[in-house]
Amino acid sequence: MSNDSVVGDIITFGNYGGEDISWIILDEEDGKYLVISKYGLEAKEYHIGNDYVTWETCTLRSWLNDEFYNEAFSSSEQMRILTTNVTADHNNAQSVDSGNDTQDNVFLLSIDEADTYFGSDEDRVCYPIEYALNKGLYTIDEACFWWLRTPGWRQDQVSYVSPDGAIGTFGLDVNYNNRVVRPAMWISAE
């Protein structure tokens with residue numbers, strides 16, 4: 001990736017499940033880029049257990065910023081990943097506590113971000129890499145559900161994007177392990 005990359009470009013950065021990771025550039029700001037994986041990388045629950053959680057306390061956040069971060073990126077790639085203030089965005093369709101803002105290297109998009117950065121439901125449709133598919137991922141017409149970080153109607157539910165690209169504000173049980181993880185992060189251009 002170089003400084004002349006633009007929003008909408010696909011870049012390769014890191015490796016997971018035996019494949020190079022493709023990222024979509026969602027935003028550019030002062031030589032840094034907000035990216036999201038083009039494909040679903042892992043079939044994983046938002047939280048182990050069916051507890052009341054927020055992004056701040058869920059096990060997926062810990063996994064993304066530890067195991068995934070260390071497995072997917074070399075030390076030189078890690079130096080380009082920026083620590084980001086991740087806001088505890090409120091679900092405007094539901095009235096539930098969203099928790100606190102966090103500082104993360106890797107995160108999930110919120111409902112508002114998924115709506116803002118993708119122009120249509122069709123643009124949000126996500127397909128998994130083979131590694132995730134082989135872990136029992138639930139798909140419809142080969143597309144998958146992917147997690148967002150915003151709570152659903154209760155704190156044991158979390159918002160998501162459905163296989164047809166629609167945003168589910170009501171939420172799914174946090175312990176479903178057949179939904180896909182689509183990480184996002186800010187990285188420096190060079």
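These numbers were taken from a predicted model, which means no experiment stands behind them.

S.K.: Describe the sheet that holds strand β1 (residues 10–16), listing the residues and the values that go with them.
M.R.: Across the sheet, which stays open at both edges, the five strands sit in the order β1-β2-β3-β14-β5 with antiparallel pairing between neighbours. At either margin of the open sheet sits one strand with a lone partner, and together these are β1 and β5 (81–82). Strand direction decides the pairing type here: strand β3 (residues 32–37) and strand β14 (residues 184–188), joined by five bridges, are antiparallel. Across the sheet, the residue bridging to Ile36 is Ala184, located in β14. Against the sheet, helix α1 (residues 59–72) contacts β1, β2 (19–29) and β5, and its axis sits at roughly 95° relative to β1.

S.K.: Describe the pairing of β14, and please don't skip the residues or the numbers.
M.R.: Among the five residues that make up β14, five are buried, leaving the element largely enclosed by the rest of the structure. Both faces of β14 are covered, namely the face carrying Ala184, Trp186 and Ser188 and the face carrying Met185 and Ile187.

S.K.: I'd like a description of the environment of Arg179, backed by residues and values.
M.R.: Note on placement: Arg179 falls in the loop between β12 (167–173) and β13 (180–181). Taking relative accessible area as the criterion, Arg179 reaches 8% and is therefore assigned buried. For the pair Arg179 and Trp153, spaced 26 residues apart in sequence, the C-alpha to C-alpha distance is 18 Å. Each residue touching Arg179, except ones within four places of it in the same chain, is listed here: Glu42, Ala43, Lys44, Leu137, Tyr138, Phe145, Trp147 and Leu172. Polar contacts involving the side chain of Arg179 include one to the side chain of Asn178, which spans 2.9 Å.

S.K.: Could you give me a rundown of α1, with the residues and numbers involved?
M.R.: Of all the bends in α1, the greatest measures close to 25° and is centred on Asn65. Taken together, the buried positions of α1 are Leu60, Arg61, Trp63, Leu64, Asn65, Phe68, Tyr69 and Ala72.

S.K.: Tell me about the side chain of Arg124, and name the residues and values.
M.R.: Secondary-structure assignment places Arg124 in helix α4 (residues 121–124). Here Gly165 takes part through its backbone oxygen, which lies 2.8 Å from a polar atom of the side chain of Arg124. The contact partners of Arg124, leaving out residues within four places of it in the chain, are Ala114, Asp115, Phe118, Trp146, Val161, Gly165, Ile167 and Arg182.

S.K.: I'd like to hear about the nonpolar core, residue by residue, with values.
M.R.: Judged by nonpolar contacts, the single largest core of 55 residues is most densely connected at Tyr46, Leu60, Leu64, Phe68, Phe73, Trp146 and Met185. Looking at this core element by element, the count peaks at six residues for α1. What Phe73 contacts, discounting residues up to four positions off in sequence, is Phe13, Gly14, Trp23, Phe68, Gln78, Ile81 and Met185.

S.K.: Outline the pairing of strand β11 (residues 157–161), listing residues and values.
M.R.: The buried fraction of β11 is high, at five of five residues. Turn length for the strand β10 (residues 146–151)-β11 hairpin, with the two strands adjacent in sequence and antiparallel, is five residues. Both β11 and β12 contribute to a ladder of four bridges, which runs antiparallel. Considered in β12, the bridge of Gln157 is made with Asp173. Linking two consecutive strands that pair antiparallel, namely β11 and β12, is a turn of five residues; a positive phi of about 90° is found at Gly165 within it.

S.K.: Please provide a residue-by-residue account of the pattern of salt bridges, values included.
M.R.: For the structure on display, the rule yields eight salt bridges. A salt bridge links Lys44 to Glu45; the nearest nitrogen and oxygen atoms lie 3.7 Å apart. Glu45 gets classed as buried once you look at its relative accessible area, which sits at 16%. Arg124 is paired through a salt bridge with Asp121; the nearest N and O atoms lie 2.4 Å apart. Here Arg124 pairs with Asp121, and both are found in helix α4, just three residues apart, close to one helical turn. Residue Arg124 is classed as buried on the basis of its relative accessible area of 4%.

What counts, and where the lines are drawn
- Residues numbered from 1 in each chain as written.
- Predicted model: local features only at pLDDT ≥ 70, side-chain atom pairs only at ≥ 80, totals over all residues.
- Heavy atoms only, no water.
- Pairing = 2+ DSSP bridges.
- Helix = DSSP H or I, 4+ residues; strand = E, 2+ residues; numbered from the N terminus.
- Contact = heavy atoms within 4.5 Å.
- Axes fitted to C-alpha atoms, helices over the stretch in contact; angles between N-to-C directions.
- Buried < 20%, exposed > 50% of the residue type's maximum accessible area, 1.4 Å probe, protein only.
- Polar contact = N/O pair within 3.5 Å; in protein donor to acceptor, adjacent residues only side chain to side chain.
- Bend = angle between axes of the 7 residues up to and from the residue.
- Core = buried A, V, L, I, M, F, W, Y, C linked by side-chain atoms within 4.5 Å.
- Salt bridge = Lys/Arg side-chain N within 4 Å of Asp/Glu carboxyl O.

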